[in-house]
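Here is what each chain is made of, one letter per residue.
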Amino acid sequence: GAAGTTLVKFTPSEFSMVALNPVSTPQSMALVTVRRDCPTAAALNKTTTVILDFDADTSILNAYNDDNETEFIPLPTSLHTTTPALVSNKITLEFAAGEFAKPIMVNIPNAFNFDFSKQYALTYTLSSVTGEGVISENVPTVVVCQVLAKNKYDGKYEITALSPMVDVVAPTLTGYYPFIFELETTGEHTVACLLTDPGYYTYYHPITSGASYSAYGAFGLELEFDHAGTGEIIAVYNPWGNPPSNT
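Source: prediction; values computed, not measured. (Residues numbered from 1 in each chain as written. Predicted model: local features only at pLDDT ≥ 70, side-chain atom pairs only at ≥ 80, totals over all residues. Heavy atoms only, no water.)

*Asks:* Can you lay out the pairing of strand E17 (residues 212-215) for me, pointing to particular residues and giving the numbers?
*Replies:* Along a regular strand, successive side chains alternate from one face of the sheet to the other. Sheet analysis places strand E16 (residues 206-209) next to E17, joined by 4 bridges and oriented antiparallel. The residue of E17 that forms the bridge with Thr208 is Tyr213. Connecting E16 to the next strand, E17, in antiparallel fashion are 2 residues, including Gly210 with a positive phi near 70°. (Pairing = 2+ DSSP bridges. Helix = DSSP H or I, 4+ residues; strand = E, 2+ residues; numbered from the N terminus.)

In structure tokens:
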């Protein structure tokens with residue numbers, strides 16, 4: 001915009017992420033902030049109305065997924081509300097005199113209702129500004145806001161072995177190392193171990209026999225950590241069943 005013009009923009013732009021605690025109690029966090037950069041005190045003391053459009057038909061989110069190889073889906077309305085509220089697929093922000101930033105808050109009554117296997121997001125377009133200011137031409141006008149619930153163990157880990165696993169029934173089958181587990185939150189103190197390298201992308205444990213590798217078809221790991229937060233593993237489960245159907 002020209003010098004001396006109030007510019008309205010998303011902060012951050014294009015992408016943001018909020019990480020909730022996987023708990024059943026209500027939580028609220030800022031998804032994204034809309035700012036107006038005012039060149040003078042006189043401009044700041046004027047009012048501004050900003051309209052955000054929600055990506056109701058998911059066309060923007062789908063394009064983002066295609067461009068970034070992600071698999072986001074809209075966070076269902078049954079799992080959240082926003083402040084200000086979404087009305088007819090629009091959010092209205094009213095900047096009073098002296099205000100330069102307004103957050104859009106996401107309110108989650110119970111993160112335990114999330115499907116932890118899905119990737120949720122909310123997508124908005126900065127569509128109009130009335131009163132003091134114009135939409136900045138230097139910052140993207142669309143933002144994809146990822147909303148996830150994860151505990152502190154959630155993340156990517158390389159797995160090595162001091163003593164490789166040996167199959168007690170077929171001793172030629174041993175563990176395949178190193179490999180990568182991505183620990184995915186399944187609860188406040190639990191994670192499922194997603195095998196991503198070798199690239200099975202499911203809940204397996206890799207094995208090898210000679211030069212080839214494979215995986216047990218219905219054997220994986222879900223870990224429960226000490227509830228006091230020490231990091232000690234206190235229980236191990238099989239996400240395929242305890243016992244799985246093929247045993």
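On we go from here.
*Asks:* Quick rundown of the sheet that holds strand E3 (residues 27-37)? Include the residues and the values.
*Replies:* One open sheet holds the 5 strands; their spatial order is E6-E8-E3-E1-E10, and the pairing between them is mixed. The open sheet has two edge strands, strand E6 (81-83) and strand E10 (134-135), and neither has a second partner. Two strands pair when backbone bridges link them, and E6 and strand E8 (residues 101-108) are joined in this way by 3 bridges, in the antiparallel orientation. Bridge pairing in E8 links Thr83 to Met105.

*Asks:* Quick rundown of the packing of aromatic side chains? Include the residues and the values.
*Replies:* Evaluated as defined, the whole model comprises 12 aromatic pairs. Centre to centre, the rings of Phe179 and Phe181 are 4.9 Å apart; their planes meet at 85°, and the pair counts as edge-to-face. Both rings, one in Tyr200 and one in Tyr213, keep their centres 6.3 Å apart while their planes meet at 80°; by these two values the pair is edge-to-face. Here Tyr200, found in the loop between strand E15 (190-197) and E16, pairs with Tyr213, found in strand E17; they are 13 residues apart in sequence, far enough to count as distant. What makes Tyr200 partly exposed here is its relative accessible area of 32%. Taken together, the ring pairs in this structure connect Tyr176, Tyr200, Tyr204, Tyr213 and Trp240 into an aromatic cluster. (Phe/Tyr/Trp six-rings, centres within 6.5 Å; stacked < 30°, edge-to-face > 60°. Buried < 20%, exposed > 50% of the residue type's maximum accessible area, 1.4 Å probe, protein only.)

*Asks:* Just give me the short version of the sheet that holds strand E18 (residues 222-225), but keep the residues and values in it.
*Replies:* A sheet is described by the order of its strands in space; here 5 strands give the open sequence E12-E14-E15-E18-E19, paired in antiparallel fashion. Edge positions in the sheet fall to strand E12 (155-159) and strand E19 (233-237), since each of these pairs with one other strand and no more. Pairs of neighbouring strands in the sheet enclose a mean axial angle of 30°, with direction left out of account. (Axes fitted to C-alpha atoms, helices over the stretch in contact; angles between N-to-C directions.)

*Asks:* So what about the side chain of Glu222? Which residues, and what values?
*Replies:* By the element assignment, Glu222 lies in strand E18. Buried charge without a partner: Glu222 forms no salt bridge, and the closest opposite charge is Lys118, 15 Å away. Dropping the residues within four chain positions of it, Glu222 is found in contact with Thr186, Thr190, Val191, Ala192, Ala235, Val236, Tyr237 and Pro239. (Lys, Arg positive; Asp, Glu negative; His and termini not counted. Salt bridge = Lys/Arg side-chain N within 4 Å of Asp/Glu carboxyl O. Contact = heavy atoms within 4.5 Å.)

*Asks:* How would you explain the pattern of salt bridges if you had to name every residue and give the values?
*Replies:* All chains considered together, the criterion is met by 7 salt bridges. Across the salt bridge formed by Arg35 and Asp37, the nearest N and O atoms sit 3.2 Å from each other. Classification of Arg35 by relative accessible area gives partly exposed; the value is 27%. For Asp37, a relative accessible area of 26% gives the class partly exposed. Note that Lys90 and Asp53 form a salt bridge whose closest N and O atoms lie 2.6 Å from each other. Of this pair, Lys90 sits in strand E7 (residues 90-95) while Asp53 sits in strand E4 (residues 48-54); the two residues are 37 residues apart in sequence, bridging distant segments of the chain. For Lys90, a relative accessible area of 37% puts it in the partly exposed group.

*Asks:* Outline helix H2 (residues 59-68), supporting the account with residue identities and numerical values.
*Replies:* Here H2 has its buried residues at Leu61, Tyr64 and Asn65. All buried residues of H2 fall inside an arc of 100° around its axis, so they share one side. Residues of H2 that are exposed and point over 90 degrees away from its buried face: Asp66 and Asp67. Where H2 terminates, the next one or two residues include Glu69, which has phi positive at roughly 55°. (Arc of directions from axis to C-beta.)

*Asks:* Give a detailed account of the pairing of E7, specifying residues and quantitative values.
*Replies:* The alternating pattern of E7 places Ile91, Leu93 and Phe95 on a buried face, while none of Lys90, Thr92 and Glu94, on the opposite face, is buried. Taken together, the 6 bridges between E4 and E7 define a ladder with antiparallel strand orientation. Looking across to E7, one finds that Val50 is bridged to Leu93.

*Asks:* Explain the environment of Cys193 to me, and be specific about the residues and the numbers.
*Replies:* Looking at where Cys193 falls in the secondary structure, it is placed in strand E15. We classify Cys193 as buried; its relative accessible area is 2%. Residues Cys193 and Tyr204 lie 11 residues apart in sequence; the distance between their C-alpha atoms is 7.8 Å. Apart from the residues within four sequence positions on either side, Cys193 is in contact with Phe181, Glu182, Leu183, Thr202, Tyr203, Tyr204, Leu221 and Leu223.

No statement about biological role is implied by the geometric values presented.
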